[in-house]
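Observations on chain architecture
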Amino acid sequence: MKKFLALLMAMMLVLSLAACGSNNGGSGDASLGGDTTQGEDAQEPAGGDEQTPEDTQPPAAADSADDIEDTMTSADGKYEVAFVTDVGQLKDKSFNQGTFDGVKLYANANGLSYKYYQPANANEATDDDRYDAMKAAVDSGATVVVCAGFMQEGALKRAASEFPDVKFIFIDGYPLSDEGGNNLTNVAPIAFKEEQCGYFAGYAVVKEGFTKLGFSGGGGGTNDACCRYGYGFVQGANAAAAEMGVDVSVNYSWQYGSTFSASPELQTMANGWYQSGTEIIFACGGAMFQSIAAAASANDAYMVGVDVDQSSQSDAVVTSAMKGLADAVQWAVAKVYDGSWDEIGGVPTSLGAAEDSVGLPTATWSLENYTVAEYEELLASVKSGSFTVDNDFSKLETTDWSNLTLTVI
């Protein structure tokens, strides 16, 4: 797995051995709609038999997900590789987009049809709405359905139980069981060690010279991935401060991020932080980026991106805490077709630095005082296991930080 992921990371992560390609701009934003199809020009979901590569006419091979259309037309109306979005926009320059890029890249490279489905009712989507999107995908011929985000759990349990011959990939997920307590082996839960890239980011910005930090997280504090990001960020900041003999402060909040959306309230909060002296904010939550970027720009301040390289989205971004979403999706989908699904079906998978699946984008960061060589040394220590970043985020508020004052808001 490590060897395969390391090869895939060449398409996205900019680590010491990889070039970043995961900042996927795409062709405009697609907001969550009131149905389960993929935009104004999409065909209605169609049922039928399983799609084969010969049944469709894929676009030419592409080097980047940006070169692949978000929508395609299958010759027989069937779509084999499906994606069900999390809350927020499809083209959020973050979690949804990074995951969908993996779907597009794998399907394009292997001559398969693909389609995305957005649950009805946007950020108010229910388990039924998400299930309907999954069922629409299955009815349209999906062999594998990639589902983004922990909110998919309830719908996934129902869909995976009802359609045992369909494979489901649960990104940012964990093993699921049916109502009888039986492990759903047609669900592959793929998680990441976000605490590691969060640590890298916190360490880097303090080494750069920032001492007044902020963290604004999505999911209202109920999303384990965001919690790991934030806990890692604080650990890294404290460690760098201790090494430098300085004191740092962190404003830490889950306010206005329950739906991972941009909002005037979030922008107002970030603006207030910046005006009160905060120098840089880790924007950890999809489209929340937009509100914090606007506040940063208005105050000539800075921010840290999340999930993918967000440097092209705002000049305020100094670096991004990234995880290999597109690469992990391609790796997992490949197992549907190469006969190795049993390695991940029903089995918890957590990808981190050792698999080249988390890191910072050294080719695009704007850090000047913290060097690539210093980062690569830290990265190597985490990859080798000689240094471990704690992932027990329940310790955040009980830890006696040596060089950091934490203010939870």
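Residues numbered from 1 in each chain as written. Predicted model: local features only at pLDDT ≥ 70, side-chain atom pairs only at ≥ 80, totals over all residues. Heavy atoms only, no water.

**Looking at the sheet that holds strand S10 (residues 317-323)**
Taken together, the seven strands give an open sheet; going across it, the order is S12-S10-S9-S8-S6-S7-S13, and neighbouring strands pair in mixed fashion. This sheet does not close on itself; its edge strands, each paired only once, are strand S12 (358-359) and strand S13 (404-408). When strand S6 (residues 212-217) meets strand S7 (residues 248-253), the two strands line up parallel, connected through five bridges. Its bridge partner lying in S7, Lys-212 is registered against Ser-249. (Pairing = 2+ DSSP bridges. Helix = DSSP H or I, 4+ residues; strand = E, 2+ residues; numbered from the N terminus.)

**Re the nonpolar core**
Residues Val-145, Phe-168, Ile-169 and Ile-171 are the most contacted members of the largest nonpolar core, which totals 59 residues. Looking at this core element by element, the count peaks at nine residues for helix H9 (residues 325-337). When residues no more than four places from it in sequence are discounted, the contact partners of Val-145 are Ala-82, Val-84, Ala-137, Val-138, Val-166, Lys-167, Phe-168 and Ile-169. Core analysis: the next-biggest nonpolar cluster, separate from the first, contains 49 residues, Phe-150, Phe-215, Phe-260 and Val-358 among them. (Core = buried A, V, L, I, M, F, W, Y, C linked by side-chain atoms within 4.5 Å. Buried < 20%, exposed > 50% of the residue type's maximum accessible area, 1.4 Å probe, protein only. Contact = heavy atoms within 4.5 Å.)

**Some words on the pattern of salt bridges**
With the rule as written, the count across this model stands at 15 salt bridges. A salt bridge links Lys-104 to Asp-70, with the shortest nitrogen-to-oxygen separation between them at 2.8 Å. With Lys-104 in helix H2 (residues 95-109) and Asp-70 in the loop between helix H1 (2-8) and strand S1 (81-84), this pair connects stretches of sequence that are 34 residues apart. You'll find Lys-104 and Asp-70 in the same group, each marked buried. Close ionic contact of Arg-228 with Glu-195 constitutes a salt bridge, the shortest N to O distance being 4.0 Å. (Salt bridge = Lys/Arg side-chain N within 4 Å of Asp/Glu carboxyl O.)

**Things to note about empty space enclosed by the protein**
The full count for this structure, using the stated rule, is one cavity of 30 Å³ or more. Quantified by volume, the largest cavity comes out at close to 170 Å³. Considering the residues around the largest cavity, the lining is formed by 20 residues, among which Phe-95, Phe-260, Gly-285, Gly-286 and Asp-307 are closest to the centre. Tallying contributions element by element places helix H6 (residues 224-244) first for the lining of the largest cavity, with three residues. Residue classes in the lining of the largest cavity are distributed as nine nonpolar, six polar and five charged. (1 Å grid on protein atoms, 1.4 Å probe; cavity = no way out; pocket = protein on both sides within 12 Å on 5 of 7 lines; lining within 4 Å. Points joined across faces, edges and corners; volume = space filled by probe spheres on them. Nonpolar A, V, L, I, M, F, W, Y, C, P; charged D, E, K, R; others polar.)

**Some thoughts on the packing of H2 against H9**
Relative to each other, H2 and H9 sit at 40°, their axes nearing to 7 Å. Between H2 and H9, the angle falls in the class oblique. Read as a crossing pair, H2 and H9 show a hand that is right-handed. Contacts from Phe-95, Gly-98, Thr-99, Asp-101, Gly-102, Val-103, Leu-105 and Tyr-106 of H2 reach H9 at Leu-325, Ala-326, Val-329, Gln-330, Val-333, Ala-334 and Tyr-337. Of the residues that constitute the contact of H2 with H9, the class distribution is ten nonpolar, four polar and one charged. (Axes fitted to C-alpha atoms, helices over the stretch in contact; angles between N-to-C directions. Parallel < 35°, antiparallel > 145°, perpendicular 65-115°, else oblique. Left-handed = near helix turned anticlockwise from the far one by under 90°.)

**Quick notes on the packing of aromatic side chains**
One pass over the structure, following the stated rule, counts 18 aromatic pairs. Between the aromatic rings of Phe-100 and Tyr-116, the centroid separation amounts to 5.4 Å while the plane-to-plane angle is 75°, which identifies the pairing as edge-to-face. Residue Phe-100 is located in helix H2, and its partner Tyr-116 is located in strand S2 (residues 114-117); the two are separated by 16 residues in the primary sequence. For the residue pair Phe-100 and Tyr-116, the accessibility class agrees, reading buried in each case. (Phe/Tyr/Trp six-rings, centres within 6.5 Å; stacked < 30°, edge-to-face > 60°.)

**Structural notes on H9**
End to end, H9 covers 19 Å across 13 residues, agreeing with the expected 18 Å (1.5 Å per residue, within 8%). Within H9, twelve of the 13 residues are buried, leaving the element largely enclosed by the surrounding structure. Looking at the residues trailing H9, positive phi occurs at Gly-339, about 85°. (Expected span 1.5 Å × (residues − 1).)

**Looking at the pairing of S1**
Judged by which residues are buried, S1 turns out to be covered on both faces: Val-81 and Phe-83 on one side and Ala-82 and Val-84 on the other are all buried. Bridge analysis of S1 against S2 gives four bridges, and the strand direction is parallel. Across the sheet, Val-84 pairs through a bridge with Tyr-117, a residue of S2. With H2 bridging S1 and the parallel S2, this β-α-β connection has right-handed handedness. Bridging between S1 and strand S3 (residues 144-148) involves four bridges; their strand directions are parallel. Its bridge partner lying in S3, Val-84 is registered against Cys-147. (Right-handed = clockwise from strand over helix to strand, strands pointing away.)

**Side note on the environment of Val-138**
Along the chain, Val-138 turns up in helix H3 (residues 127-139). Separated by 57 residues in sequence, Val-138 and Val-81 place their C-alpha atoms 9.7 Å apart. Discounting residues that sit within four places of it in the chain, Val-138 has contacts with Val-145, Phe-163, Val-166 and Phe-168.

**Quick word on the sheet that holds S2**
The strand order S2-S1-S3-S4-S5-S11 describes an open sheet built from six strands, whose pairing is parallel. Each end of this open sheet is capped by a strand with a single partner; those strands are S2 and strand S11 (349-351). Each neighbouring strand pair of the sheet contributes to a mean axis angle of 20°, computed without reference to strand direction. Each of S3, strand S4 (167-171) and strand S5 (187-192) touches helix H4 (residues 153-162); the most contacted strand, S4, lies at about 165° to it.

**Some remarks on the environment of Ala-204**
On the secondary structure map, Ala-204 appears in helix H5 (residues 194-208). Setting aside chain neighbours within four positions, we find Ala-204 in contact with Leu-360, Leu-367 and Tyr-370.

**Focus on the confidence of the model for the protein chain**
Residues at a pLDDT of 70 or more form 85% of the protein chain, whose mean pLDDT is 87. Predicted confidence is poor over residues 1-59, with pLDDT under 50, and the contacts of this stretch with residues over four places away or in other chains come to 187 contacts. (pLDDT = per-residue confidence, 0-100.)

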